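# Structure at a glance
The primary structure of each chain is shown beneath.
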Amino acid sequence: MLQYDLVVVGGGPAGMAAALQAKEEGVAKIVILERAESLGGILEQCIHTGFGLHYFGEELSGPEYAGRFIREVQQTDIDVMCDTMVLDISDANVVTAVNKTQGLMQIRATAVVLAMGCRERPRGALSIAGTRPSGIMTAGTAQKYVNIDGYMPGKKVVILGSGDIGLIMARRMTLEGAEVKVVCELMPYSSGLQRNIVQCLEDFNIPLRLSCTVVETHGKERLEGVTIADVDERLQPIPGTEQYIPCDTLMLSVGLIPENELSKGVGVPLDNVTKGPVVDEYRETLHPGIFACGNVLQVHDLVDYVTEESKIAGKGAANYIFGKKKGGAYAATKGVNGVRYIVPQRVNVRGGEKVKLYFRVGQVYRNAKVTVTCNGQTLLSRKRPKLAPGEMENVTLTEEQLAAMNEGDEIVVGIEE
Amino acid sequence: MKFDVAVIGAGVCGALITRELTKYDLRVALLERANDCAMGTTKANSAIVHAGFDALPGTLKARYNMRGVELMPAVCADLHVPYKNNGALVLAFSEEEISSLGALLARGEQNGVPGLEILNRDELVAKEPHIGETAVAALYAPTSAIVCPYELTIAAVENAVANGAEFLRNCEVTAIAPDGDGFTLTTSRGLIEAAYVVNAAGVHAGEVAAMIGDDSITVINRRGEYYLLDKSQGALVSHTVFQCPTVMGKGVLVSPTVDGNLIVGPTADDIPDGDDVATTAEGLATVVSKATKSVAGLNMREAITSFAGNRAHLASDDFIIGPSAVNHHFINVAGIESPGLSASPAIAEGVAAILQRVGGGFAENAAFDPVRPEPVRFRNMSTEERAALVAKDPAYGRIVCRCETVTEGEILDAIRGPAGARDVDGVKRRTRAGMGRCQGGFCGSKVVELLARELGVEMNEITKFGGGSNIMFDRTK
């Protein structure tokens, strides 16, 4: 059996940042297990720019952003196994993985960082009525066909869902000569970044129809068209608003789901809202020695935040490996009044460090206040001109604020209009 | 091309009939208009081996169902197709329905179904803790089973091909002319001569019979819509759970599948076009409302796909299995709706017997091997078995479909095998790649790449399911 101090599952931006941070903290034996042929994760197919503005202070493409971390990893003695799939993680942190060259491996790990990323919600989860021809695909799959394989997956395109990948693909397909007829969004607001709505739709005169969905697909072999319809407040299609749009491709950008099959396998408890593990401020799950970061923990809109989060997990893993993890008194975080979730879900108030709480809101707010309270006492109240579900927010609690709390306290984050 | 027997239609019946005929010294061709077998009714049905209490005593449905149930375990064992005897429950939600259960029980006993009993609510809940709150009683049928219909069909075609049959795909029959003692078939792949024709064309059996002037078959296309749920829901029930049957059929069922998913459906709507397998908002809503009555706690948010299939219903409400009145060398196998899958091994046996009678007996094929080798199923293996397998062939060390843990080696096997996959859906049905919760989002393009490489074509020539169902267009700029 192989032996590593730290096994990182996933070699995307999250896994690489966690591994690099752990290395910097002095962890000796680290391995990154990556299922694709190379490091980089989904960034490799994100050839558009907009990455790195927060973290590097410059605008990079996905492969450029990933490339900086790949080079850093290569300059260390971190082992990397690509084309390697983790099949199972045991209760005793034994990782079973397989690849073509080394065969089936069992690796005993002192600590594990879960960084498997997320997957796209497929059509089946939406129950759209109609036929099942070719030409219906998730936006990410289409992105791979165009940017990696070099083939056009469609010529006349309707996009359902205004998640960032959908918006990016609206522009990408247009640039490649396809006609993007409309982007339909079920909700009354887009779940994508404002800058993507401007740069990918408005700049190309692609209409965004809010409160609108695809109710039926047509065509036996290749998609021939879709029927779209407006929806009411209960998100139900309004009879009489149906409109047929001829198209050969329907791209879906209807949500991302953290890929936690391995986490579930080892019994890591998940958060019902984030669909990622419940973690503390060092991103340690409730299973000792197993950490999680990146999109497997919560779906991010910016990779910069993935990097930030993963460095925290890398440091946490190093502390765990060196037995430096502090004994704890844990307070729980709780979102109310429009705050859908908070990561981390629990905070060690004896940690002696400030802690950043990341959260998302459930609707669009203008000129609202973010408040943080504990035991009825307001710790923080910050004005924000705009809050939107597509943009992750954060607030920071100081070391002093935390030190004043006790085990079992509730840190409550809410929105006041 | 010249054959002794041409079987039209590579559904479960056509496939098993072809395999059965390879037991004899006959040149057999299986003609399929689609790019793969199991593309019609066979790929979209409830996947149940019915115990046999539904069909009216004395009907062909009753006779072939009972014999099929008897034959199915051995056929599945020979073909290495998963078969699970999980038992069935028919729920009653009222006093009136309890009396229907009594009638079903009596009918079943007359058909010779063993072990039937009526359970009260307590006994029912003991068997199925998640049963709907309003169910008051149930008919229990211990001999009911589940099997994967397309896996059975693929295995049967592979075994038939291994035993010398020819599988001709993209071979649509457009005309049949009597020719001496036999026939000349005009097909999309040219003229085919055959001494005997078996018409197993599913919803198109009426059109095929009409090609020889036999107008006795009028198929009513009865569409059924289904949901397939994630494996997270697969353990909600262990039995196949029916509601009381109606004139339109056995109603909406909730059942585990042999792969560990949960299937719910079907609806029953008569439609004009037998190839129209579109789902409808109303149909899918009906499935949900009925299924949630049968089983409490069914989480429809865990649906991974929905689909529809058409079954060939006849006004007589019975199968037609026998020589055409117009020409005795032309055997009709028509109206094969439920319990068609259950009956299929018996139908194969029956059709072979009919042909023997008509043809005056055939010599046996001494080389016939009933066994289809077991395909590699990495996901079902132990760690030790996996290690040994990958050590032997590294292609099994690359996982292509992460949701269902399918390896590159298995996909290559599926493409290279007898009657191998030629499209993405064909790979999916043979290996389960793309059948999991992400529905091919990640592995789809990998499968396209492997198909293109193995078939020696460009990626944009690869289709989802043949015809014009190409996945990609031209190269990017």
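Parameters and conventions
- Residues numbered from 1 in each chain as written.
- Chains lettered and ligands numbered in written order.
- Predicted model: local features only at pLDDT ≥ 70, side-chain atom pairs only at ≥ 80, totals over all residues.
- Heavy atoms only, no water.
- Buried < 20%, exposed > 50% of the residue type's maximum accessible area, 1.4 Å probe, protein only.
- Helix = DSSP H or I, 4+ residues; strand = E, 2+ residues; numbered from the N terminus.
- Contact = heavy atoms within 4.5 Å.
- Buried area = accessible area lost by both parts, 1.4 Å probe.
- Salt bridge = Lys/Arg side-chain N within 4 Å of Asp/Glu carboxyl O.
- Polar contact = N/O pair within 3.5 Å; in protein donor to acceptor, adjacent residues only side chain to side chain.
- Nonpolar A, V, L, I, M, F, W, Y, C, P; charged D, E, K, R; others polar.
- Pairing = 2+ DSSP bridges.
- Core = buried A, V, L, I, M, F, W, Y, C linked by side-chain atoms within 4.5 Å.
- Right-handed = clockwise from strand over helix to strand, strands pointing away.
- Expected span 1.5 Å × (residues − 1).
- Domains from an automatic or database assignment.

### Points about helix H3 (residues 139-149) of chain A
The buried fraction of H3(A) amounts to ten of the eleven residues, a majority that puts the element mostly inside the structure. Every buried residue of H3(A) is listed here: Ala139(A), Gly140(A), Thr141(A), Ala142(A), Gln143(A), Lys144(A), Tyr145(A), Val146(A), Asn147(A) and Asp149(A). The elements touched by buried residues of H3(A) are strand S9 (118-120), strand S11 (136-138), helix H4 (164-175) and strand S18 (249-252) of chain A together with helix H12 (444-455) of chain B. Just past H3(A), the residue Gly150(A) takes up positive phi, approximately 80°.

### Brief notes about the interface of chain A and chain B
Facing 47 residues of chain A, the contacting portion of chain B comprises 55 residues. Together, the buried faces of chain A and chain B total about 4200 Å²; carbon and sulfur atoms form 56% of this surface. Interface area lost by chain A to chain B is led by Lys100(A), Arg132(A) and Tyr151(A), which between them contribute 19%. Put simply, chain A and chain B have six salt bridges between them. Inspection of the chain A/chain B interface yields 24 residue pairs in polar contact (both at pLDDT 80 or more). For the side of chain A that touches chain B, the secondary structure elements donating two or more residues are strand S6 (85-89), strand S7 (94-99), strand S8 (103-114), S9, strand S10 (129-130) and H3 of chain A. The element best represented in the side of chain A that touches chain B is H3(A), accounting for five residues. Here the residues of the side of chain A that touches chain B are counted per class, giving 17 nonpolar, 14 polar and 16 charged.

### Quick notes on the sheet that holds strand S4 (residues 83-84) of chain B
Within the open sheet, the three strands sit side by side as S3-S8-S4 (chain B). Their pairing is antiparallel. Looking at the sheet topology across the chains shown, the edges are occupied by strand S3 (48-49) and S4 of chain B.

### Brief notes about the environment of Ile78(A)
All names here are of chain A. Assignment of secondary structure puts isoleucine 78 in the loop between helix H2 (62-74) and strand S5 (79-81). A relative accessible area of 7% means that isoleucine 78 is categorised as buried. Remark: the alpha-carbon pair of isoleucine 78 and methionine 16, spanning 62 residues in sequence, is separated by 9.7 Å. Those residues within four positions of isoleucine 78 in sequence are excluded, and the remaining contacts are Ala19, Leu20, Lys23, Ile30, Ile32 and Val73.

### Some details on the nonpolar core
Judged by nonpolar contacts, the single largest core of 52 residues is most densely connected at Ile17(B), Leu152(B) and Ile347(B). No other element matches the nine residues that helix H8 (residues 340-359) of chain B contributes to this core. Sequence-distant contacts of Ile347(B), that is, excluding residues within four places in its chain, are made with Cys13(B), Ile17(B), Tyr64(B), Phe319(B), Ile321(B), Val333(B), Ile336(B) and Gly340(B). With 45 residues, the next largest nonpolar core counts Val146(A), Met169(A), Ile206(A) and Val427(B) among its residues.

### Looking at the pattern of salt bridges
Within the structure shown, the criterion is met by 44 salt bridges over all chains. Between Arg234(A) and Asp232(A) there is a salt bridge, and its shortest N-O distance comes to 3.5 Å. On the basis of relative accessible area, Arg234(A) is assigned to the exposed category, the value being 62%. Here Asp230(B) ties to Arg437(B) by a salt bridge, and the two come within 2.9 Å at their closest N and O atoms. Of this pair, Asp230(B) sits in the loop between strand S13 (220-229) and strand S14 (240-243) while Arg437(B) sits in the loop between helix H11 (424-431) and H12, and the two are 207 residues apart along the sequence. When salt bridges with common partners are traced through the structure, they connect Arg35(A), Arg119(A), Glu259(A), Glu261(A), Lys264(A), Asp230(B), Arg402(B) and Arg437(B) into a single cluster.

### What to know about the pairing of strand S2 (residues 30-33) of chain A
Residues and elements named next belong to chain A. The alternating pattern of S2 places Ile30 and Ile32 on one face and Val31 and Leu33 on the opposite face, and all of these are buried. Note: strand S1 (residues 2-9) against S2, four bridges, orientation parallel. Paired with leucine 6 across the strands is isoleucine 30, a residue of S2. Handedness of the β-α-β unit built from S1, helix H1 (residues 13-24) and S2 comes out right-handed. In this sheet, S5 lies alongside S2 in parallel orientation, the contact comprising three bridges. Its bridge partner lying in S5, isoleucine 32 is registered against valine 80.

### Things to note about helix H5 (residues 149-162) of chain B
All names here are of chain B. If you check H5, its first and last C-alpha atoms are 20 Å apart, about what 14 residues at 1.5 Å a residue would give, namely 20 Å. The buried fraction of H5 amounts to twelve of the 14 residues, a majority that puts the element mostly inside the structure. All buried positions along H5 are accounted for by Pro149, Tyr150, Glu151, Leu152, Thr153, Ile154, Ala155, Ala156, Val157, Glu158, Asn159 and Ala160.

### Some details on the domain arrangement of chain A
The figure often quoted for interface size is the accessible area lost as the parts come together. All names here are of chain A. As assigned here, chain A comprises domain 1 (1-120 + 255-325), domain 2 (122-254) and domain 3 (327-417). Relative placement of domain 2 and domain 3: their C-alpha centres are 35 Å apart. The interface is formed by five residues belonging to domain 2 together with seven residues belonging to domain 3. Taking both partners together, domain 2 and domain 3 bury about 430 Å²; carbon and sulfur atoms supply 52% of that area. Its largest share of buried area at the contact with domain 3, domain 2 owes to Tyr189, Leu193 and Gln194, together 77% of the area lost on that side. There are zero salt bridges connecting domain 2 and domain 3.

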